[in-house]
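Per-entry structural report
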Amino acid sequence: MTQQLTNHASLWVERLGRFGYVSKGVVYGIVGLLAAQAAFGNGGKTTDTQGALRTIVNQPFGKFLLSLVAIGFIGYVIWRFVQAIKDPENKGNDAKGLAIRLGYAVNGLIYASLALSAVKIVMGTGGGKNSSDSTEDSTARLLSQPFGQWLVGTAGAFVIALGFYQFYQAFSGKFRKELNLTELSNKEAQWVMRIARFGLAARGIVFCITGWFLIEAARQSNAATAVGLDEVLQTLAQQPYGAWLLGIVALGLVAYAIYTIIQARYRRLVNF
């Protein structure tokens, strides 16, 4: 009986985790599509995940749709904490394994905050701050601590390292091991890989720019210098050939959204 209950719980965690990947993909897709429209002069705007949530709720049946997204995020959070605590993927207890599992937990906390924001929007009690305001507030709190500039600078370096890890994933293709693509033809699997590589590379660019601004905030001891996803996209738009830069990264975020939704169907989620 105990084993049956464990298997039943494991199955539900897997389903919730897959639903969570869909929610994540929908939100990144909206951010990317709006930015692409802005880049190519078809309306749109540069926004972040909070803005994507508000965009969803403003659609027909928006509260219902956003409720589904919130449920998906909760499922994603549960799956991340299962990965961190139960270690179903056998990452281990050495330094590398613990770092990966800690990353799962941090990622879970980030999406828990996003799930809470979605619930607040549905209930009409607010939707939280945009990513730039949140980043600025967090940076200000770190700067106010002893050795605050070092803390912020270290955080910036860590975010840049995450960006380079995205590049490594994109160019090495090692994420292929996490996907069960046996049901797809070789051509279909190749397209999945291309889309995933493009998406991961775009996400790496976003991380690197975010980290660079954090390091600048540390150097200047000015929290207002730190930016979130929305201002990263605005920064790209303000560069020479900004429309092209923004358009490429925006399409990359759409590709990342597609890859995330593909994970919902084909990712190997190991039972615990």
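Residues numbered from 1 in each chain as written. Predicted model: local features only at pLDDT ≥ 70, side-chain atom pairs only at ≥ 80, totals over all residues. Heavy atoms only, no water.

The protein appears in an unreviewed UniProt entry as DUF1206 domain-containing protein from Nostoc flagelliforme FACHB-838.

A short note on the overall build of the protein
Looking only at helices and strands, the protein features 9 helices and 0 strands. The N-to-C order of helical and strand elements in the protein reads α-α-α-α-α-α-α-α-α. By the compact-globule yardstick of 19 Å for 272 residues, the protein fits well, its C-alpha radius of gyration being 19 Å. Referenced to the eigenvectors of the C-alpha coordinate spread, the extents of the protein come out at roughly 60 × 45 × 45 Å. Relative to its full complement of 272 residues, the protein shows a buried share of 49%. Restricting the contact set of the protein to residue pairs at least 6 apart, pairs at least 24 apart contribute 74%. About 14,300 Å² of surface is accessible on the protein, with carbon and sulfur atoms providing 64% of the total. Here the protein carries 25 positive and 14 negative side-chain charges, and the mean point of each set is 6 Å from the other. (Helix = DSSP H or I, 4+ residues; strand = E, 2+ residues; numbered from the N terminus. Rg over C-alpha atoms; globule rule 2.2 N^0.38 Å. Buried < 20%, exposed > 50% of the residue type's maximum accessible area, 1.4 Å probe, protein only. Contact = heavy atoms within 4.5 Å. Areas by Shrake-Rupley, 256 points an atom, 1.4 Å probe, with all protein chains shown as cover. Lys, Arg positive; Asp, Glu negative; His and termini not counted. Charge placed at Lys NZ, Arg CZ, Asp CG, Glu CD.)

Quick look at the side chain of Glu216
Counting through the fold element by element, Glu216 comes out in helix H7 (residues 186-220). The exposure class of Glu216 is buried, given its relative accessible area of 15%. Among the polar contacts listed, one links the side chain of Glu216 to the side chain of Arg219, at a separation of 2.9 Å. (Polar contact = N/O pair within 3.5 Å; in protein donor to acceptor, adjacent residues only side chain to side chain.)

Examining the packing of H7 against helix H8 (residues 229-237)
At a closest axis distance of 10 Å, the pairing of H7 and H8 adopts a crossing angle of 100°. The angle between H7 and H8 places the two elements in the roughly perpendicular class. Contacts between H7 and H8 involve Val206, Ile209, Thr210 and Phe213 on the former and, on the latter, Leu229, Val232, Thr235 and Leu236. Residues of the contact of H7 with H8, tallied by class, amount to 6 nonpolar, 2 polar and no charged. (Axes fitted to C-alpha atoms, helices over the stretch in contact; angles between N-to-C directions. Parallel < 35°, antiparallel > 145°, perpendicular 65-115°, else oblique. Nonpolar A, V, L, I, M, F, W, Y, C, P; charged D, E, K, R; others polar.)

Quick notes on the environment of Tyr104
Mapped onto the fold, Tyr104 is located in helix H4 (residues 95-123). Along the sequence, Tyr104 and Arg80 sit 24 residues apart, while their C-alpha atoms lie 5.3 Å from each other. If we skip the residues at most four places from it in the chain, Tyr104 touches Arg80, Gln83, Ala84, Glu89 and Lys91.

Considering the packing of aromatic side chains
Under the criterion given, the structure shown has 9 aromatic pairs. Ring centres of Tyr28 and Tyr256 lie 5.1 Å apart, and the angle between their planes is 75°; this geometry places the pair in the edge-to-face category. Linking Tyr28 in helix H1 (residues 2-39) with Tyr256 in helix H9 (residues 242-266), this pair joins segments that are 228 residues apart in sequence. Each member of the pair, Tyr28 together with Tyr256, is buried. Chaining the aromatic ring pairs together yields one cluster made of Tyr21, Phe73, Tyr76 and Tyr111. Positioned above the aromatic ring of Trp12 is the side chain of Arg15, whose terminal nitrogen or guanidinium carbon lies 5.2 Å from the ring centre. (Phe/Tyr/Trp six-rings, centres within 6.5 Å; stacked < 30°, edge-to-face > 60°. Lys NZ or Arg CZ within 6 Å of the ring centre and 35° of its normal.)

With respect to the environment of Leu114
Tracing the sequence through the fold places Leu114 in helix H4. In the structure, Leu114 is positioned 151 residues away from Arg265 in sequence and 22 Å away in space, judged by C-alpha atoms. If sequence neighbours within four positions are ignored, Leu114 has contacts with Thr49, Gln50, Leu53 and Phe73.

Overview of unusual backbone geometry
With a phi close to 60°, Phe147 is a non-glycine residue in the positive phi region. Tracing the chain through its elements places Phe147 in the loop between helix H5 (131-143) and helix H6 (148-172).

A look at the UniProt feature "domain: DUF1206" (unreviewed entry) in the protein
Within this structure's numbering, the places UniProt gives as "domain: DUF1206" (unreviewed entry) are residues 19-86, 102-172 and 198-267. As annotated, residues 198-267 comprises 81% helix and 0% strand, and the C-alpha atoms at either end are separated by 18 Å. (UniProt positions renumbered as here; feature names shortened; annotations may be inferred.)

Regarding the nonpolar core
For soluble globular proteins, nonpolar side chains are generally found buried alongside one another. By size, the foremost hydrophobic cluster in this structure holds 58 residues, and its most contacted members are Leu53, Leu66, Phe73 and Leu233. Secondary-structure elements contributing two or more residues to this core are H1, helix H2 (49-57), helix H3 (62-85), H4, H7, H8 and H9. Leave out the neighbours within four places in its chain, and Leu233 touches Val31, Ala35, Thr46, Thr47, Leu246, Val249 and Leu253. (Core = buried A, V, L, I, M, F, W, Y, C linked by side-chain atoms within 4.5 Å.)

With respect to the pattern of salt bridges
Evaluation of the coordinates by the stated rule reveals 5 salt bridges. Across the pair Glu14 and Arg18 runs a salt bridge whose closest N-O atoms are separated by 3.1 Å. Here Glu14 and its partner Arg18 are both found in helix H1, 4 residues apart, which amounts to about one turn of the helix. (Salt bridge = Lys/Arg side-chain N within 4 Å of Asp/Glu carboxyl O.)

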